[in-house]
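Residue-level listing of the chains:
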Amino acid sequence: MSKEVVLSGIRPTGFLHLGNYFGAMRNYVRMQDEFNCYFFVANWHALTTHPDTKELQNSVHRVIAENIACGLDPEKVALYVQSDVPEIAELYLYLNTMAYKGELEKTTTFKDKVRQQPDNVNAGLLTYPVLMAADILIHRAVKVPVGKDQEQHLEMARNFAERFNHRYGDVLPSPQAFNFGSELVKIMSLDGNGKMSKSENQMNTLFLADDDDLIRKKIMKAKTDSGPTETNSAKPDYIENIFTLLKLVSEESILNKFETDFNNCVIRYGDLKKQLAEDMVNFIKPIREKAADIQNNKTLLSKIIHQGAEKARASASATLTEVRNAMRLNY
Ligand code: TYM
């Protein structure tokens, strides 16, 4: 039986952080043996918010290097850069004719961007979900490992695929957001205000490139309070978030100890944060060091990127032939 196709992408718009890791990359690594995987750096998407391309190559290289440092094997998966696969742009053009202005304007991410960059509300921003659908559908992917913030985009991709099939015939499968464990993940920032993000709230986001002291410093100043006064109380969001991080990087016995302390109202947040900081340093350090080595090896990076583009273009052009046939664009 042929393996199911998996696809996901990351924008090269800043340093990758724990949200990217636990929302997306950890799943990529777990999926690489069982599925036919395509993972890419979404550099066209980055242009909708970061038109200055001076830093872009560096960022693209860093995303590739960090993915490999997290355990992705470029021999097992297609790891590529979006702009190396022009077939995506052709599918984007076709899908644009089935995406309506009203629904695009209602997309949450579009409304956020209009607020953040009122002087650059470009057509690329409006049609961002269409390009994302093209990224997915060009490989006829059915599973898309992403964090919770991408759920609405996935729903739109399903709608565009259905409209295409309805109009031209059954070519494009329906993609679903995916996470090991049933729930999609959202890692909150350390002050409990919004999600960890590449570009906002930098002192409250833990980046995979942060050095040991910076990791400690960020965690020690994470928001806490004077502790619960009643046994077995509910945790406020910002405390829940610290426990979430502890669950992700610490041993179960440590998590259990602090859970029990919390429930018995004897928790010492200073100790909790010290423990989390050390476990986080141990988690991030090997990734940071390996990523830096790969990023300095331009020959290796270039080889990986070319190899990835070749694999991705083979799959993309096969889909495009079917798409063109279905649309009777085969003269
Ligand atoms: P991007 O670059 O913002 O984020 C990359 C991945 O990380 C996840 N993520 C998070 N997960 C949990 N908690 C957080 N705080 C957090 N922050 C980010 C995102 O959900 C994502 O999985 N539009 C996409 C890139 C893209 C794409 C695609 C993804 C372009 N085409 C096709 C999948 C399929 C984006 O901006 O991701």
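The coordinates are above.
For clarity, every value in this text was computed on a predicted model and none was experimentally measured.

## Observations regarding the site of the ligand
Close to the ligand lie 28 residues, the nearest being Arg-11, Tyr-128, Asp-135, Asp-149 and Lys-198. At 2.7 Å, a side-chain N or O of Asp-135 approaches a nitrogen atom of the ligand. With respect to the ligand, the side chain of Asp-149 contributes an N or O atom lying 2.5 Å from an oxygen atom. Summarising the interface, the protein chains cover 98% of the accessible area of the ligand, which totals 710 Å² for the free molecule. At the level of secondary structure, the elements contributing two or more residues to the shell around the ligand comprise strand 1 (5–10), helix 1 (18–31) and helix 8 (128–137).

## Considerations on the environment of Phe-180
Within the fold, Phe-180 resides in the loop between strand 5 (176–178) and helix 10 (212–220). The spatial distance from the C-alpha of Phe-180 to the C-alpha of Ile-242 is 21 Å, given a sequence separation of 62 residues. Not counting chain neighbours up to four residues away, the residues in contact with Phe-180 comprise Asn-27, Arg-30 and Met-31.

## Observations regarding the pattern of salt bridges
In the structure shown here, the tally under the stated rule is 19 salt bridges. Of the charged contacts in the structure, one is a salt bridge between Lys-76 and Asp-33, with a shortest N-O distance of 3.0 Å. Placement of the pair is Lys-76 in the loop between helix 3 (56–69) and strand 3 (78–81) and Asp-33 in the loop between helix 1 and strand 2 (36–41), with a sequence separation of 43 residues. Salt-bridge contacts for Glu-103 lead to Arg-163; the nearest nitrogen and oxygen are separated by 2.7 Å. A residue pair is termed long-range when its members are at least 10 positions apart, and Glu-103 in helix 5 (residues 101–105) and Arg-163 in helix 9 (residues 151–168) qualify at 60 residues. Because the salt bridges share partners, they merge into one network encompassing Asp-212, Lys-285 and Arg-288.

## A closer look at the packing of aromatic side chains
Evaluation of the coordinates by the stated rule reveals nine aromatic pairs. Between Tyr-21 and Phe-22, the ring centres sit 4.8 Å apart and the planes meet at 85 degrees, which makes this aromatic pair edge-to-face. Each member of the pair, Tyr-21 as well as Phe-22, carries the same accessibility label: buried. Seen in terms of ring centroids, Phe-22 and Phe-283 are 5.6 Å apart; in terms of plane orientation they differ by 20 degrees. Their pairing is stacked. Of this pair, Phe-22 sits in helix 1 while Phe-283 sits in helix 13 (residues 269–296); the two residues are 261 residues apart in sequence, bridging distant segments of the chain. Take Phe-22 and Phe-283: they sit in the same class, and that class is buried. A cation over an aromatic ring shows up here: Lys-223 above the ring of Tyr-238, its NZ or CZ 4.4 Å from the ring centre. The side chain of Lys-235 reaches across the aromatic face of Phe-243, ending 4.5 Å from its centre.

## As for empty space enclosed by the protein
Scanning the entire structure with this criterion turns up one cavity of 30 Å³ or more. Considered as a void within the structure, the largest cavity measures approximately 30 Å³ in volume. Taken together, Ile-10, Tyr-28, Phe-39, Phe-40, Val-41, Val-63, Asn-67 and Leu-79 make up the full set of residues lining the largest cavity. Breaking the lining of the largest cavity down by element, the ones donating at least two residues are strand 2 and helix 3. Top contributing element to the lining of the largest cavity by residue count: strand 2, with three residues. Looking at the lining of the largest cavity residue by residue, the classes come out as seven nonpolar, one polar and no charged.

Criteria and cut-off values
Residues numbered from 1 in each chain as written. Predicted model: local features only at pLDDT ≥ 70, side-chain atom pairs only at ≥ 80, totals over all residues. Heavy atoms only, no water. Near = heavy atom within 4 Å. Polar contact = N/O pair within 3.5 Å; in protein donor to acceptor, adjacent residues only side chain to side chain. Areas by Shrake-Rupley, 256 points an atom, 1.4 Å probe, with all protein chains shown as cover. Helix = DSSP H or I, 4+ residues; strand = E, 2+ residues; numbered from the N terminus. Contact = heavy atoms within 4.5 Å. Salt bridge = Lys/Arg side-chain N within 4 Å of Asp/Glu carboxyl O. Phe/Tyr/Trp six-rings, centres within 6.5 Å; stacked < 30°, edge-to-face > 60°. Buried < 20%, exposed > 50% of the residue type's maximum accessible area, 1.4 Å probe, protein only. Lys NZ or Arg CZ within 6 Å of the ring centre and 35° of its normal. 1 Å grid on protein atoms, 1.4 Å probe; cavity = no way out; pocket = protein on both sides within 12 Å on 5 of 7 lines; lining within 4 Å. Points joined across faces, edges and corners; volume = space filled by probe spheres on them. Nonpolar A, V, L, I, M, F, W, Y, C, P; charged D, E, K, R; others polar.

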